[in-house]
Amino acid sequence: MREYTYGPFRSRRLGLSLGINVLASYKLCTYNCVYCEIGLTKKENLVSPNYRIKLPPSSNFRKELKSILTYVPHLNSITFGYNGEPTLNENLLDFFEIADNVRNELDWKNKKPILTLFTNSSTLYDDKVRGRVKKFELVLAKLDAANEEDFKRTNRPNHETPKIEVIINSLAELKKEMLRENKLAIQILVFASYKDSFLPNNNSKNIQDLAFALKKIQPDIIQIYSTARIPAEYFVYAIDDEKKREIAAIFKEIINNEKIEIIVY
Ligand code: SF4
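Small disclaimer: the values here were computed from a predicted structure and weren't measured. The numbering scheme is per chain: residues are counted from 1 as the chain's sequence reads. In view of the model being predicted, local features appear only for residues whose pLDDT reaches at least 70, and side-chain atom pairs are presented and counted only at 80 or more, with totals across whole chains, interfaces and linings using the full set of residues. Hydrogens and waters are ignored; side-chain quantities use all the structure's heavy atoms.

## Topic: the packing of aromatic side chains
Note on aromatic pairs: the rings of Phe, Tyr and Trp (six-membered ring only in Trp) are paired at centre separations within 6.5 Å, and the planes decide the class, stacked below 30 degrees, edge-to-face beyond 60, tilted for the rest. All chains considered together, the criterion is met by twelve aromatic pairs. Judged by centre distance (6.1 Å) and plane angle (50 degrees), the rings of Y35 and F191 are tilted. On the criterion of sequence distance, the pair formed by Y35 in the loop between β2 (15-20) and α1 (59-69) and F191 in strand β7 (residues 191-193) is long-range, its members being 156 residues apart. Ring geometry for F198 versus F235: centroids 4.7 Å apart, planes at 45 degrees, classification tilted. Here F198 is found in the loop between β7 and α6 (204-217), whereas its partner F235 is found in the loop between β8 (221-225) and β9 (236-238), with 37 residues between them in sequence. Three exposure classes are used, based on accessible area relative to the maximum for each residue type with a 1.4 Å probe and protein chains only: buried under 20%, partly exposed in between, and exposed over 50%. Of the residues examined, F235 reaches a relative accessible area of 4% and is grouped as buried. An aromatic cluster of three or more residues is present, and its members are Y35, F191, F198, Y234 and F235. For a ring to carry a charge above it, either NZ of a lysine or CZ of an arginine must fall within 6 Å of the ring centroid while also lying within 35 degrees of the normal to the ring plane. For the cation-ring pair, R13 lies above Y225, with the distance from its terminal atom to the ring centre recorded as 4.2 Å. Starting at the N terminus, helices and strands are each numbered in turn, a helix being any DSSP run of H or I of at least four residues and a strand any DSSP run of E of at least two.

## Observations regarding helix α5 (residues 164-177)
For a helix, the expected span equals 1.5 Å multiplied by the residue count minus one. In a regular helix each residue adds 1.5 Å, so 14 residues correspond to 20 Å; α5 covers 20 Å between its end C-alpha atoms and thus fits that length. The set of residues buried in α5 consists of I164, I167, I168, S170, L171, A172 and L174. Buried residues belonging to α5 abut α3 (127-133), β5 (138-142), α4 (148-155), β6 (183-189) and α6. Here, two residues are considered to be in contact whenever any of their heavy atoms come within 4.5 Å of each other.

## Considering the environment of N91
Positionally, N91 belongs in the loop between β3 (77-80) and α2 (92-105). Once the C-alpha coordinates of N91 and R52 are considered, the two residues, 39 residues apart in sequence, prove to be 9.6 Å apart. Sequence-distant contacts of N91, that is, excluding residues within four places in its chain, are made with K54, L55 and P56.

## Regarding the site of the ligand
The ligand sits among K27, C29, Y31, N32, C33, Y35, C36, T41, G84, N120 and K142. Residue polarity is assigned by list, with Asp, Glu, Lys and Arg as charged and Ala, Val, Leu, Ile, Met, Phe, Trp, Tyr, Cys and Pro as nonpolar; anything else, Gly included, falls into the polar class. Residue classes in the shell around the ligand are distributed as five nonpolar, four polar and two charged. Distances are taken per atom, and a residue is near a molecule or strand as soon as one of its heavy atoms is within 4 Å of it.

## A word on the sheet that holds β3
As summarised here, the arrangement of the eight strands in space is β1-β2-β3-β4-β5-β6-β8-β10, forming an open sheet in which the pairing is mixed. The open sheet has two edge strands with one neighbour each: β1 (5-11) and β10 (261-264). The average angle at which neighbouring strand axes cross in this sheet is 25 degrees, direction not considered. Sheet topology places β1 next to β2; five bridges connect them, and they run antiparallel. Bridging from a neighbouring strand, F9 pairs with S17 of β2. With respect to the sheet, helix α7 (residues 241-255) is in contact with β6, β8 and β10, its orientation differing from that of β8 by roughly 155 degrees. For two strands to be treated as a pair, DSSP must find no fewer than two bridges joining them. Here the axes come from fitting lines to C-alpha atoms, over the contacting stretch only for helices, and the angles between their N-to-C directions go from 0 to 180 degrees.

## Looking at the environment of Y35
Owing to a relative accessible area of 4%, Y35 belongs among the buried residues under this scheme. Linking Y35 and K63, residues 28 residues apart in sequence, is a C-alpha distance of 34 Å. Discounting chain neighbours no more than four positions away, the residues touching Y35 are K142, D144, T154, N155, L189, F191, T227, P231, A232 and V236. N or O atoms closer than or at 3.5 Å make up a polar contact, with two conditions inside protein: a donor-capable atom paired with an acceptor-capable one, and, for residues adjacent in sequence, both atoms drawn from side chains. Only 2.7 Å separates the side chain of Y35 from the side chain of K142, close enough to count as a polar contact.

## Some thoughts on the nonpolar core
Side-chain atoms within 4.5 Å are what join buried Ala, Val, Leu, Ile, Met, Phe, Trp, Tyr and Cys residues into a set we call a nonpolar core. Among the nonpolar cores identified, the biggest contains 77 residues, and L69, F80, L143, I186 and F251 are the most heavily contacted of them. With near-sequence residues (within four places) excluded, F251 lies in contact with I188, I207, L210, A211, L214, I222, I224, N256 and I262. Counting five residues, the second-largest nonpolar core is a separate cluster that includes L14, L140, A185 and I221.

So far we have only geometry, and geometry alone does not tell us how the molecule works.
Right, here's the structure in full:
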């Protein structure tokens with residue numbers, strides 16, 4: 001029975017990716033995003049970004065990982081971050097180190113898989129958390145909104161979450177602290193709404209605000225995508241590819257930096 005790993009799955013963004021959960025078997029998150037594809041965050045599990053749990057890997061983690069990796073010589077990514085926000089676990093780097101060791105013990109057909117982390121960015125104001133996050137070779141950091149109204153509507157953060165401006169500044173800080181060979185990708189999920197009373201994050205103010213936030217952060221990669229599975233709220237639906245390309249064009253013009261790769265999924 002598998003305790004820590006999911007897949008591998010073929011992912012639009014990562015190629016063949018093996019998922020690693022470093023949290024418990026239930027969702028634990030600082031957000032309750034309207035589009036979340038693993039369902040609503042229960043009230044008792046919508047925790048503060050200051051909240052930390054200590055969940056070290058058991059000896060099974062190494063065994064489980066090695067037994068799977070041995071059979072997937074063409075894996076592209078070992079990807080941390082299922083069941084919520086992985087930086088809430090104080091022991092994140094213990095998992096990282098075991099994964100790095102196991103990866104280095106094996107023969108890879110082509111390139112060895114990269115160590116990737118998903119984060120919703122809410123805990124990055126904490127220097128200790130950034131110190132852990134920056135070790136990953138690819139950091140996929142969420143930023144769906146760049147003003148307080150859109151942030152609260154879209155991500156419905158725990159009330160102790162810092163303001164979006166603080167989160168944007170901490171993403172800029174993280175980028176400066178990361179090694180040149182590691183990459184920061186900002187992931188932006190843009191959606192539309194069937195409900196007239198709910199303004200979705202594809203509104204022009206939010207798109208403009210996001211462009212200026214991205215200009216400040218200067219990530220290596222910007223990924224624009226939309227919902228692909230059933231969202232937590234019934235009124236959320238995916239925007240089409242043309243709209244994604246329009247958003248990419250707005251970002252490109254405002255950011256005005258050819259070195260930043262903008263990818264539409
Ligand atoms: S941050 Fe991720 S896991 Fe948490 S509610 Fe949002 S989409 Fe779901």
